[in-house]
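A structural walkthrough
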Amino acid sequence: MGPELAGLHVRAASAQGLDHGVDERLGDRAGSGCMPGGPAALPGVTVKRELADYQQRGVQLGARLLIVQETQVPQLLRQSIGFFRGVVMRDADQDEQARALDLAHGPAADLDARFGHPLYNCAHAGHSAEGSRRSRDRVQGMATASTMITLAPTGAETVKADAPALPVTLEELVKTAKAAQAAGAALIHVHIRDEKYEPTLDLGRLKETVAALREETDLIVQLSTGGAVTDPYEDRLRVLDALPDSCSLTCGTVNFGHDVFMNPWPFMVELYQKTQELEVVPEFELFDLGHIAALHRLLDEYGLPYGGKIHCDLVMGVPGGMPGDARTLVAAVQALPEGASWSATGIGRTTLPVMLAALSVGGHLRVGMEDTLTYAKGEPVRDNLQLVERAAKLATLAQRPPMPIEEARAMLAVKERRPGKVGPVHGSRRSGQGP
Ligand SMILES: [Zn+2]
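As recorded in an unreviewed UniProt entry, the protein goes by the name 3-keto-5-aminohexanoate cleavage enzyme, listed as coming from Carbonactinospora thermoautotrophica. UniProt's Cofactor (unreviewed entry) comment on the protein is quoted here verbatim: "Zn(2+)".

**Section: the overall build of the protein**
When you go through the protein residue by residue, the secondary structure sums to 12 helices and 20 strands. In the protein, which comprises 435 residues, the proportion classed as buried is 45%. Looking at the protein alone, contacts between residues at least 24 apart form 71% of all its contacts between residues at least 6 apart.

**With respect to the sheet that holds strand β11 (residues 220-223)**
Strand order in the closed barrel formed by eight strands is β7-β8-β11-β12-β15-β16-β17-β18, with parallel pairing between adjacent strands. The average angle at which neighbouring strand axes cross in this sheet is 30 degrees, direction not considered. Where strand β7 (residues 149-151) lies against strand β8 (residues 185-190), three bridges are found, and the strand directions are parallel. When the sheet's bridge partners are listed, Ile149 is paired in β8 with Ala185. Here helix α5 (residues 203-216) sits on the sheet in contact with β8 and β11, set at roughly 165 degrees to β11. Strand contacts of helix α7 (residues 265-278): β12 (246-250) and β15 (281-286), with the helix running at about 160 degrees to β12, the strand carrying the most contacts.

**So, the pairing of strand β18 (residues 364-367)**
Residues His364 and Arg366 of β18 are buried on one face, and the alternating residues Leu365 and Val367, pointing to the opposite face, are buried as well. Pairing between β7 and β18: three bridges, direction parallel. By the bridge assignment, Thr150 is partnered in β18 with Arg366. Crossover connection from strand β17 (residues 341-346) via helix α10 (residues 351-361) to parallel β18: handedness right-handed.

**Points about helix α8 (residues 289-302)**
Taking 1.5 Å of rise per residue, the 14 residues of α8 would be expected to cover 20 Å, and the 20 Å separating its terminal C-alpha atoms lies within 8% of that figure. When we look at burial in α8, the residues that qualify are His291, Ile292, Ala294, Leu295, His296, Arg297, Leu298, Leu299 and Asp300. Tucked inside the fold, the buried residues of α8 contact α7, β15 and α9 (326-335). Looking at the residues trailing α8, positive phi occurs at Gly303, about 80 degrees.

**Focus on unusual backbone geometry**
Unusually for a residue other than glycine, Gln399 sits at a positive phi of about 65 degrees. Along the chain, the position of Gln399 falls in the loop between α11 (384-397) and α12 (405-412). The phi dihedral of Ala413 falls on the positive side, at around 55 degrees, and the residue is not glycine. Along the chain, the position of Ala413 falls in the segment after α12.

**Overview of the packing of helix α4 (residues 170-183) against α5**
Axis separation between α4 and α5 bottoms out at 10 Å; the angle between their running directions is 35 degrees. The two elements α4 and α5 cross, and the hand of that crossing is right-handed. Counted together, Leu170, Leu173, Val174, Ala177 and Lys178 of α4 and Glu208, Thr209, Ala212, Leu213 and Glu216 of α5 form the full contact between these two elements. Of the residues that constitute the contact of α4 with α5, the class distribution is six nonpolar, one polar and three charged.

Calculation criteria
Residues numbered from 1 in each chain as written. Predicted model: local features only at pLDDT ≥ 70, side-chain atom pairs only at ≥ 80, totals over all residues. UniProt positions renumbered as here; feature names shortened; annotations may be inferred. Helix = DSSP H or I, 4+ residues; strand = E, 2+ residues; numbered from the N terminus. Buried ≥ 20, exposed ≤ 12 C-beta atoms within 10 Å, placed from the backbone. Contact = placed C-beta atoms within 7 Å. Pairing = 2+ DSSP bridges. Axes fitted to C-alpha atoms, helices over the stretch in contact; angles between N-to-C directions. Right-handed = clockwise from strand over helix to strand, strands pointing away. Expected span 1.5 Å × (residues − 1). Left-handed = near helix turned anticlockwise from the far one by under 90°. Nonpolar A, V, L, I, M, F, W, Y, C, P; charged D, E, K, R; others polar.

Encoded structure:
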């Protein structure tokens, strides 16, 4: 620890002491101020770190204070050190809540119920040894039913000139989506481009895109709220006004190659509450294990998403995020909230290891030119369809063929917004959840 940290009060945890926490006092508390030596945030954004018993931050947009984080230890740190010892602390109320949630989740969510794990010991889904056994039974019995395939065809990083098959116009996107649906995809994760093929979050274009995809396909339409790493928070929040079926919600900041993809806690909270308000199902995008801790905290403090189901996407192999290998995938999956469904994608050369590992652990798949441009060594991707077809083939070989779209819609509990269709009514289940 360098002298620039003098005055900070840091709460740390270790394998030996997670249940108690280990306080390191590095001098007197020094009031509040900007983190010394901290990185500059996006233009106009100041991240303040106050020096309370636990970190307290405020994030400002210009002069406007977005949200001040409460001084509170995240739920994840309340539990025992069961991650290492296999000890679960619980009480009868939590157990009852778990049963209620199990019933509420229904069979679709049960498809992905996973092994009991003490990291799940959070208020949003009280976990228990009995719950763990039930989960194991379900995993053995049902997790291998089918595989939801998500296509992420475009992203914000690749230049059209470098990958001519990248869909950047609405026409190209719709054509890609139709072919993907025919090949077994159920969900499309959308970034759009402007007339110069540059990434944009223009609301008019987003609405037009959502409408066209709904008109021409049955795919679940998910808009990225990440945009490009330089997009301002206001624009990223406004994406939801296009009323997609689903949106990505990234659960933390991450180094992204040479860039920083900013997702401070107050922004996550504002975005999450807006999804609940507008009845859009978030897909929790997780680049790192710490993001999973943030997801637990979000659910503990703000309740379940619209529809009551939790769906995550592990994005692995980003330089700066978690590596794209099997052991990291297993660690991440074990830490997810109980009952959550999840997809995984590996960036670049981690695509295949992550895909194969995900299939073996009962996960769903995300593929597409957003994540990989190389099909095999020395062989560029032909187009998005090639990637969907490979995923469908591998899933079928694994005895978990592509999931029909209607089943995927039920698993995620998306609101029916297709013209002329009437779907089940999902509650937001906000009340009574969390402390
Ligand atoms: Zn994306």
